[in-house]
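What the coordinates show
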Amino acid sequence: VRLNDTRGAQTDLDAAIPLIGKPKDPTEDSIPSGLRARLAEVQAQTLARTDRAGAIAKFGEAVREALNTHYRPFVASLLIQRAELYRLDGNRTAARADLQASIVALQKEEQALIKGVPRLPGGEILWSAYFARFQPAYRQLIHYLIDDGTDADAFLYAEKSRAFELLQLVRSRADVPSAFREATDEGEPYSIDRLRQVLPAGTYVLEYEVLNDRTYVWLIRRDGPPELRTLHIGESEIAGWTATLQALAAERNVEGFETALVAPYQGLLQEVVGRIASLQHGVPARLVIVPDRAMHGLPFAALGRHKHYLIREHAVSVAASATLYAWALAQDQQLSHAPLGTALLFADPKFNRDLDVARGLPPLRQTEKEAARIRAVYAPVMHVDERDQQLATVPELLRLMRQSTITHIAAHGVANADAPSGSFLLLAPTENDTGALDADRLLAGLHLDKTRLVVLSSCSSVGGTPVGPEGIAPLVRPLTAAGVPGVVGTLWNIGENSATAELLVRFHRHYREGHDAADALRLAENEMLKDPDLERSSVLAWAPFQMVGYASSPFPLPVN
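Computed from a predicted structure; not experimentally measured.

So, the side chain of His 296
Summarising the element assignment, His 296 is placed in the loop between β4 (286–290) and β5 (304–305). Accessibility expressed as a relative area gives 13% for His 296, which makes it buried. Within the structure, the side chain of His 296 is placed 3.5 Å from the backbone oxygen of Pro 291, a separation counted as a polar contact.

Dropping the structure here:
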């Protein structure tokens, strides 16, 4: 069929029919039903070229047989194919119904898989590649719903399409905030109305859905109705912007980087930010961006025109979904009642340079000074645990993080695009441990009930490799699952330099002053822009740093 050889396809089908046999007892083994469903599917694909109505009928037969197999992704695939034929036939109602039914089948499969936590060889969670196949069905359905004027329903499907597995992980925690558990009953995400109820005043959620030829963005706030805009920008343009910016950053091409910041700002943010400015009347706002597809690699805080970066006026953070941002707010509020724990600093681990993954990586000597300056920020007000060189080991990190309110890790990080759960931090080895702490081990071994904020001062720690439809970096995902509402990290390789250290020290200083993490990062970045030192004031010194989620400060803001 795929080679357009209809005659050859029909010959094979004629030979297959007597081998499969006819339906017998409906309770029989599901394999014959699966084969008959597959037969009907290929017959439908063959007919689709000449007889669309006949193909639709055959897909109906395939669906009925596939339902006997309990193999839900196969059912979903058949429904999606039939939906496309309905679309071509001009029957949008039937197409929409098939897409909705396919997503119900997928969600049942997701729930079954989450309960069993199946894993592929090498430790990779099945969902990371498996469910990404069905994202086009979500996008097509969202497109239909928006065209029909049901924007709120479209938003709910946008939420369902992302971060499903991580949502289940945070919901399964024994200490999940009760209000959040009730709001996400049966694993359903937040609706727009429920989201508006929990958003603080002055906070705006910008949730994007990127299609091939356009991008939708919902603007959601507490004190006003949601707004939906259609942007005439597609996936390929966004992917080009992201690739260009990351390449220019790697080349340290400041001028080219500055120029390349303009197009994504104009295409994705300018219209929405202008609307927010009119609502805020010049008062800075908090922007929570829920990106989609290639947007995950964009340095949102740095986007703008003529060095008028977004961060100059607004605190910026990102979230894998609006529902997970609501969880971060609720989790942070719950942690605010916990006793103050420690500030944990890990710096310059003496890693095993003979490891294949460590070859060519230099020691991080400057991070010891960075940690010393951060220690001076917190030492007057809380206990500080610090580990470096041989003492900065995996067992020590996992042990000490349980008592930490704030954790800062300055170590090499490596993102693995082929197997995201194999992304790792490189710490010092012990007799029984190589020191390579991968995301899979973090997910299994990290359980936290005090930590509000983790700072990952390492390469590509919050970007570079978003996992499938989840859209969350592999080193952030286990921290969120462990109960951490806020993570600060980087979008690409940052190397080791004094400007990075200066930014992070200033960030911690503002966090210690009582500013929440997103605002502390904004203040630190604006200070860097005014620094007379050209390396520090360069946009490349701070653009890769990004705030994920929400983390209030455990210290009160001073009263003016």
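Structure's up, so let's keep going.
Focus: the nonpolar core
Membership of the largest hydrophobic core comes to 104 residues, with the highest contact counts inside it found for Phe 257, Leu 269, Tyr 378 and Trp 542. If one sorts the elements of this core by residue count, helix α21 (residues 517–530) sits on top with 7 residues. Once residues within four sequence positions are removed from consideration, Phe 257 is found in contact with Leu 245, Leu 248, Ala 249, Pro 299, Trp 492, Val 539, Leu 540 and Ala 543.

Observations regarding the pattern of salt bridges
According to the stated counting rule, one finds 31 salt bridges in the structure shown. In this structure, the salt-bridge partner of Asp 89 is Arg 52, at a minimum N-O distance of 3.5 Å. On the criterion of sequence distance, the pair formed by Asp 89 in the loop between α4 (72–88) and α5 (92–116) and Arg 52 in helix α3 (residues 52–66) is long-range, its members being 37 residues apart. On the basis of relative accessibility, which here comes to 47%, the residue Asp 89 falls in the partly exposed class.

Topic: the sheet that holds strand β13 (residues 436–438)
Ordered by their spatial adjacency, 3 strands build an open sheet running β11-β12-β13, and the pairing between neighbours is antiparallel. Because the sheet does not close on itself, it has two edges, and the strands there are β11 (412–414) and β13. In this sheet, adjacent strand axes meet at a mean angle of 25° when their direction is disregarded. Two strands pair when backbone bridges link them, and β11 and strand β12 (residues 424–426) are joined in this way by 3 bridges, in the antiparallel orientation. Considered in β12, the bridge of His 412 is made with Leu 426.

Observations concerning unusual backbone geometry
One can expect most non-glycine residues to show negative phi and most peptide bonds to be in trans. In this model, Arg 252 sits at a positive phi of 60°, which is unusual for a non-glycine residue. The residue Arg 252 is located in the loop between α12 (235–250) and α13 (254–260) in this model. Phi is positive for Asp 348, which is not a glycine, with a value near 45°. Position of Asp 348 among the secondary structure elements: in strand β8 (residues 342–349).

As for the environment of Ile 276
Its location among the elements puts Ile 276 in helix α14 (residues 262–280). The exposure class assigned to Ile 276 is buried, which follows from its relative accessible area of 0%. Residues contacting Ile 276, with those up to four places away along its chain left out, are Tyr 204, Leu 206, Leu 219, Ala 285, Leu 287 and His 314.

Brief notes about the packing of aromatic side chains
Here a ring pair, both rings aromatic, is described through the centre-centre distance and the interplanar angle of the planes. Throughout the structure, instances matching the rule amount to 7 aromatic pairs. Ring plane angle 25° and centroid distance 5.7 Å describe the contact between Phe 180 and Tyr 190, whose orientation is recorded as stacked. Note that Phe 180 is positioned in helix α10 (residues 178–183) and Tyr 190 in the loop between α10 and α11 (192–198), a separation of 10 residues in sequence. Over the face of the ring belonging to Tyr 157 we find Lys 160, whose NZ or CZ atom lies 4.9 Å from the ring centre. When the ring centre of Phe 555 is taken as origin, the NZ or CZ atom of Arg 512, which lies over that ring, is 5.0 Å away.

Scoring rules and cut-offs
- Numbers given for residues are sequential positions, taken from 1 along each chain in its written order.
- Only residues with pLDDT of at least 70 get local features here, since the model is predicted, and only at 80 or more are side-chain atom pairs given and counted; chain-wide, interface and lining totals rely on the full set of residues.
- Hydrogen atoms and water are omitted, and side-chain values are computed over all heavy atoms in the structure.
- Labels follow the DSSP assignment, with helices taken as runs of H or I lasting at least four residues and strands as runs of E lasting at least two, numbered in each case from the N terminus.
- Type-normalised accessible area, obtained with a 1.4 Å probe on protein chains alone, sets the label of each residue: buried when under 20%, exposed when over 50%, and partly exposed for intermediate values.
- Any pair of N or O atoms that falls within 3.5 Å is considered a polar contact. Within protein, one atom must be able to donate a hydrogen and the other to accept it, and sequence-neighbouring residues count only if both atoms are side-chain atoms.
- To define a nonpolar core, start from buried Ala, Val, Leu, Ile, Met, Phe, Trp, Tyr and Cys residues and group those joined through side-chain atoms within 4.5 Å.
- Here, residues are in contact when the closest pair of their heavy atoms is within 4.5 Å.
- The term salt bridge refers to a side-chain nitrogen of Lys or Arg lying within 4 Å of a carboxyl oxygen of Asp or Glu.
- At least two bridges found by DSSP between two strands is the condition for calling them paired.
- Inter-axis angles, ranging from 0 to 180 degrees, are taken between N-to-C directions of lines fitted to C-alpha atoms, where helices are fitted over the stretch in contact.
- Aromatic rings from Phe, Tyr and Trp, taking only the six-membered ring of Trp, are treated as a pair when their centres fall within 6.5 Å; an angle between ring planes under 30 degrees marks them as stacked, one over 60 as edge-to-face, and anything in between as tilted.
- We call a charge positioned above a ring when the Lys NZ or Arg CZ atom is no farther than 6 Å from the ring centre and deviates by at most 35 degrees from the ring normal.

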